[in-house]
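# Topology and contacts: notes
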Amino acid sequence: MLPVGIAGAVVLAGVGVHSAFAAPSADALISEVYGGGGNSGATYTNDFVELGNAGAAPVDLSGYSVQYLPGSPSATTKWQVTALTGTLAGGGRFLVQEAAGTGGTTPLPAPDATGAINMSGTTGTVALVSGADPLTCLDPASCAADSRVKDLVGYGTAVVHEGSGAAAGASNTASVARNDALKDTDDNAADLTAGAPTPQNSGGSGGTTTPPTTPPTTPPTTPPTTPPSTTPPVAAKIHDIQGPTRVSPLAGRTVTGVTGIVTGVRDYGSSRGYWVQDPQPDADPRTSEGIFVFTGSTSPAVAVGDSVSLDATVSQYYPGGASAGGQAITELGKAKATVISSGNPVPAPVVLDASDVPDAFAPSAGGGNIESLPLRPADYALDLYASLEGMNVRIADTRVVGATDPYSELWVTVKPRQNPTKRGGTLYTGYDQPNSGRLMVQSLIPLAGQPFPTANVGDTLTGATEGPLDWNQYGGTYAVQARVIGAVKDGGITPEVTAKARPNQVTVATYNVENLAPSNDQAKFDRLAKGLVTSLRSPDIVALEEIQDNNGATDDGTVAADQTLNKLTAAIAAAGGPHYQWREIDPVNDKDGGQPGGNIRQAFLFNPDRVSFTDRSGGDSTTAVGVTGTGKNTDLTFSPGRIAPDDPAWTDSRKPLAGEFTFRGQKLFVIANHFISKGGDQGIDSRFQPPVRSSEVQRIQQAIVEHDFVQQLEKADPHANVVVLGDLNDYQFSPAVLGLTGNGSVLTDLVNTLPVQERYSYVYEGNSQVLDHILVSPNLRDDVDYDVVHINSEFADQTSDHDPQVIRLQP
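What counts and how
- Residues numbered from 1 in each chain as written.
- Predicted model: local features only at pLDDT ≥ 70, side-chain atom pairs only at ≥ 80, totals over all residues.
- Heavy atoms only, no water.
- Helix = DSSP H or I, 4+ residues; strand = E, 2+ residues; numbered from the N terminus.
- Expected span 1.5 Å × (residues − 1).
- Buried < 20%, exposed > 50% of the residue type's maximum accessible area, 1.4 Å probe, protein only.
- Contact = heavy atoms within 4.5 Å.
- Polar contact = N/O pair within 3.5 Å; in protein donor to acceptor, adjacent residues only side chain to side chain.
- 1 Å grid on protein atoms, 1.4 Å probe; cavity = no way out; pocket = protein on both sides within 12 Å on 5 of 7 lines; lining within 4 Å.
- Points joined across faces, edges and corners; volume = space filled by probe spheres on them.
- Nonpolar A, V, L, I, M, F, W, Y, C, P; charged D, E, K, R; others polar.
- Core = buried A, V, L, I, M, F, W, Y, C linked by side-chain atoms within 4.5 Å.
- Pairing = 2+ DSSP bridges.
- Axes fitted to C-alpha atoms, helices over the stretch in contact; angles between N-to-C directions.
- Salt bridge = Lys/Arg side-chain N within 4 Å of Asp/Glu carboxyl O.
- Disulfide = S-S within 2.5 Å.

As recorded by an unreviewed UniProt entry, the chain carries the name Lamin tail domain-containing protein and is attributed to Actinacidiphila acididurans.

In structure tokens:
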């Protein structure tokens, strides 16, 4: 029987998925893209993006950005951003100059905006985006679903493009451009053609390869301006602007005479600006006294300690776009700042500690939007953080619960007794326990020569860490933008080594190796090998997840992964491990999700000196494995084989890989999994509470399909030795995992046999949680040793973002 709640959840399966971009833009769009600037053979010295306006009315580009993604992005590739200001006239052009090369002879016409993106001359994706936060999408469908994307052009062999294909023909000497009518059908291949670059700016200059030798006889027409607002400016304090809810009562209004002290300056990246705080607060704890002043790509002309008076426009900004579900930030834009005095003391920080931060996390709106609700900072942590948005805060002697990541971020807890793990993290024990003490820490001082601290889970960030409280798009949470940052005190955790198995025990492990491809550095293969040989003691059988094809993320139809697996097994042998053999099934190209072009799949490694694999031909990417025989004669029809590969449950997701092994005459059925990811779910800190877990629907369907297959095996042989393992992308208490196990009647989830403080294999947003599982059939559950081997998730220096797991059993 499936757990209560599954039947109700399954009805959500009909929720639609974006399959195309929004309607073609009727005004601002990308009219020309050139990435060959400064390259060999180029005439122009710089790359550029030209915007055009297909409409008659002007478009205010303030708050927009031009963004670039390489043609074949990896899972960690980030969009690069150039923020825009100014006006795009009706029927006009707007020139965005990007990075220069060492070649070329002719400068671009005077640009309307300037960035530093080094674009490829032959392949890439350019997007016109509402907002300056980098996009996160890495495939066409995800970009189509992002409401911030106003227009998008993929050229060359770009993975991300509109319509049937990318625009062809880009080179060092050729751009891709629309025709003069700026036709846009949301099909890059049809809408843009290659030709000599013709950059034009808003003044009408440019448009030919050779600049004119004499100035035009008629001065360019002045672009029409946006009519002034008929609403008069409002004299306001910061707390008037912030208001008692998550949205400003003055959003869209012009405000004057806004005064305060600068508490932090962000002078790097594309979202530059500074925080201002009024040192004379009102008596309402709901109204923040701090606010962010956005300057785009322009360096702020203020310093910490400046007393300023501001005339500006109030905006309600949603990092990641309103559809992403994150909290809104109240900002001031188009600000005119007058420095009244300098060297003033920064307003005293609000101290965040265990006694001040509520245990309850967020109010509930039944899945609805909470941003219009009056804040209750004494009752809910999320309300407290919202009431302090933009204000100077301080944390002190906080325990690290999320290790330093490659983007110079870490997570701490200000409530150290809240669900602690055995090794110093914070345990995620249920949907109702999001752990209110977690906070992200970033730094405002990377340009001052002070490196961001490198910390592992369990370390302590000693002393004071202080700065404005902001919202981080990628973390999906409130973050301390540290003006002052503490020092790291080592908490002493070290990578674990599992216990030795007895000779009569077979060992079976699972390990998500995070997009492993032959192009990865040899060091990654060597470190994975060391983990398998040393920390896991060379398991007899290993189920691997995220094995990519032979050319990784290059999307050219390659699906074989023999080079990937041979390189890994060679590294294992070189590390002193066994000479593993492997089995896998190549997927259908681009049908199993994951990184575009990567064709990730599960694979089995096995030590032929300890176990044998029963090869039974016929299993392929689209043929379903079945069960034949009864009792001791129960077999898989194919080995290896895939479970129900054509079932809609596995659309754009990895299909389970089943294999039949023999250990000392005992048959062992092993099923390797990688369920669909949590992409698209609303975050814990969402303004929708409780957040919607939309991806859960498909995992529940996957669980039902596999549950039925395992049940078929166990009915054929009640004593069947079945091990189901892998990255299920869901928690031990989730409907999907409970459905797969049949509430424990069909399979036992071994993570539940560990002490509570040890139940985790992955750390995300400062929460130590379970995504990877090993499940066993009823006849194995009483005679199995199980271990999650912590060698990755808690450490700043990771080989993968998952910890491996291993069991020792006597079948």
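### What to know about helix H6 (residues 522–535)
Its 14 residues give H6 an end-to-end C-alpha distance of 19 Å, which sits within 8% of 20 Å, the value for a rise of 1.5 Å per residue. Where H6 is concerned, the buried positions are Lys524, Phe525, Leu528, Ala529, Gly531, Leu532, Val533 and Ser535. Where H6 is buried, its residues touch strand E27 (506–516), strand E28 (541–547) and helix H7 (562–574). At the exit of H6 stands arginine 537, carrying a positive phi of roughly 60°.

### A word on the side chain of glutamate 584
By the secondary structure assignment, glutamate 584 is in the loop between strand E29 (581–583) and strand E30 (601–606). Only 3.5 Å separates the side chain of glutamate 584 from the backbone nitrogen of aspartate 586, close enough to count as a polar contact. Only 2.6 Å separates the side chain of glutamate 584 from the side chain of arginine 601, close enough to count as a polar contact. Excluding its chain neighbours within four sequence positions, the residues that come into contact with glutamate 584 are Leu565, Arg601, Gln602, Ala603, Pro640 and Leu657.

### Notes on empty space enclosed by the protein
Counting across every chain of the model gives three cavities of 30 Å³ or more. Taken as a whole, the largest cavity spans an internal volume of roughly 80 Å³. Lining the largest cavity we find 14 residues, and of these Gln242, Thr245, Arg246, Ala386 and Glu389 sit closest to its centre. The residue makeup of the lining of the largest cavity, split by class, is five nonpolar, six polar and three charged.

### Looking at the layout of surface pockets
By volume, the second largest pocket is sized at about 800 Å³. Here the lining of the second largest pocket takes six residues from strand E18 (residues 329–341), the largest share from any one element. Residue composition of the lining of the second largest pocket, by class: 16 nonpolar, 16 polar and five charged.

### Looking at the nonpolar core
Membership of the largest hydrophobic core comes to 37 residues, with the highest contact counts inside it found for Leu352, Tyr385, Val412, Leu439, Leu469 and Tyr478. Every element with two or more residues in this core is listed here: helix H5 (381–387), strand E21 (392–402), strand E22 (410–413), strand E23 (438–443), strand E24 (460–472) and strand E25 (477–482). With five residues, the top contributor of residues to this core is H5. Beyond its immediate sequence surroundings of up to four residues, leucine 469 is in contact with Tyr385, Leu388, Glu389, Gly390, Met391, Val393, Leu439, Tyr478, Ala479 and Val480. By size, the runner-up hydrophobic cluster in this structure holds 29 residues, among which are Val508, Ala543, Phe613 and Leu754.

### Details of the sheet that holds strand E4 (residues 64–70)
As summarised here, the arrangement of the four strands in space is E5-E4-E9-E10, forming an open sheet in which the pairing is antiparallel. The sheet terminates laterally at strand E5 (80–83) and strand E10 (149–155), the two strands that pair on one side only. Averaged over all neighbouring strand pairs, the angle between strand axes comes to 15°, with direction disregarded. Bridge analysis of E4 against strand E9 (residues 124–130) gives seven bridges, and the strand direction is antiparallel. Paired with tyrosine 68 across the two strands is valine 126, which belongs to E9.

### A closer look at the pattern of salt bridges
Under the counting rule described, the total for this entry stands at 34 salt bridges. When the shortest N-O distance is used, the salt bridge between arginine 394 and glutamate 466 registers 2.8 Å. With arginine 394 in strand E21 and glutamate 466 in strand E24, this residue pair connects regions lying 72 residues apart in the sequence. Looking at arginine 394, the relative accessible area reads 30%, which means it is partly exposed.

### Considering the state of the cysteines
Here the structure, examined in full by the defined rule, presents one disulfide. With a sulfur-sulfur separation of 2.1 Å, cysteine 137 is cross-linked through a disulfide to cysteine 143. Every disulfide takes its handedness from the sign of the S-S torsion; for cysteine 137 and cysteine 143 that torsion is 90°, giving right-handed.

### Observations regarding the pairing of strand E42 (residues 772–776)
Within E42, five of the five residues are buried, which leaves the element mostly enclosed by the surrounding structure. Burial of the side chains of E42 extends over both faces: Asp772, Ile774 and Val776 are buried on one face and His773 and Leu775 on the other. In this structure, strand E39 (residues 748–749) lies alongside E42, joined through two bridges in antiparallel fashion. Bridge pairing in E42 places threonine 748 opposite valine 776.

### Some details on the sheet that holds strand E11 (residues 175–177)
Read from one edge of the open sheet, six strands run E8-E7-E2-E1-E11-E12, paired in mixed fashion. The open sheet has two edge strands, strand E8 (113–114) and strand E12 (193–195), and neither has a second partner.

### Structural notes on the side chain of arginine 178
The residue arginine 178 is located in the loop between E11 and helix H3 (188–191) in this model. For arginine 178, a relative accessible area of 8% puts it in the buried group. Of the polar contacts made by the side chain of arginine 178, one reaches the side chain of aspartate 151; its length is 2.9 Å. Each residue touching arginine 178, except ones within four places of it in the same chain, is listed here: Leu29, Ile30, Ser31, Asp151, Val153, Lys183, Asp184, Asp191 and Leu192.

### Topic: the pairing of E30
Of all six residues in E30, six are buried; the element is thus mostly enclosed. Side-chain alternation along E30 places Arg601, Ala603 and Leu605 on one buried face and Gln602, Phe604 and Phe606 on a second face that is also buried. One ladder, built from three bridges, connects E29 with E30; its direction is antiparallel. Each residue of the ladder has a partner; that of glutamine 581, found in E30, is phenylalanine 606.

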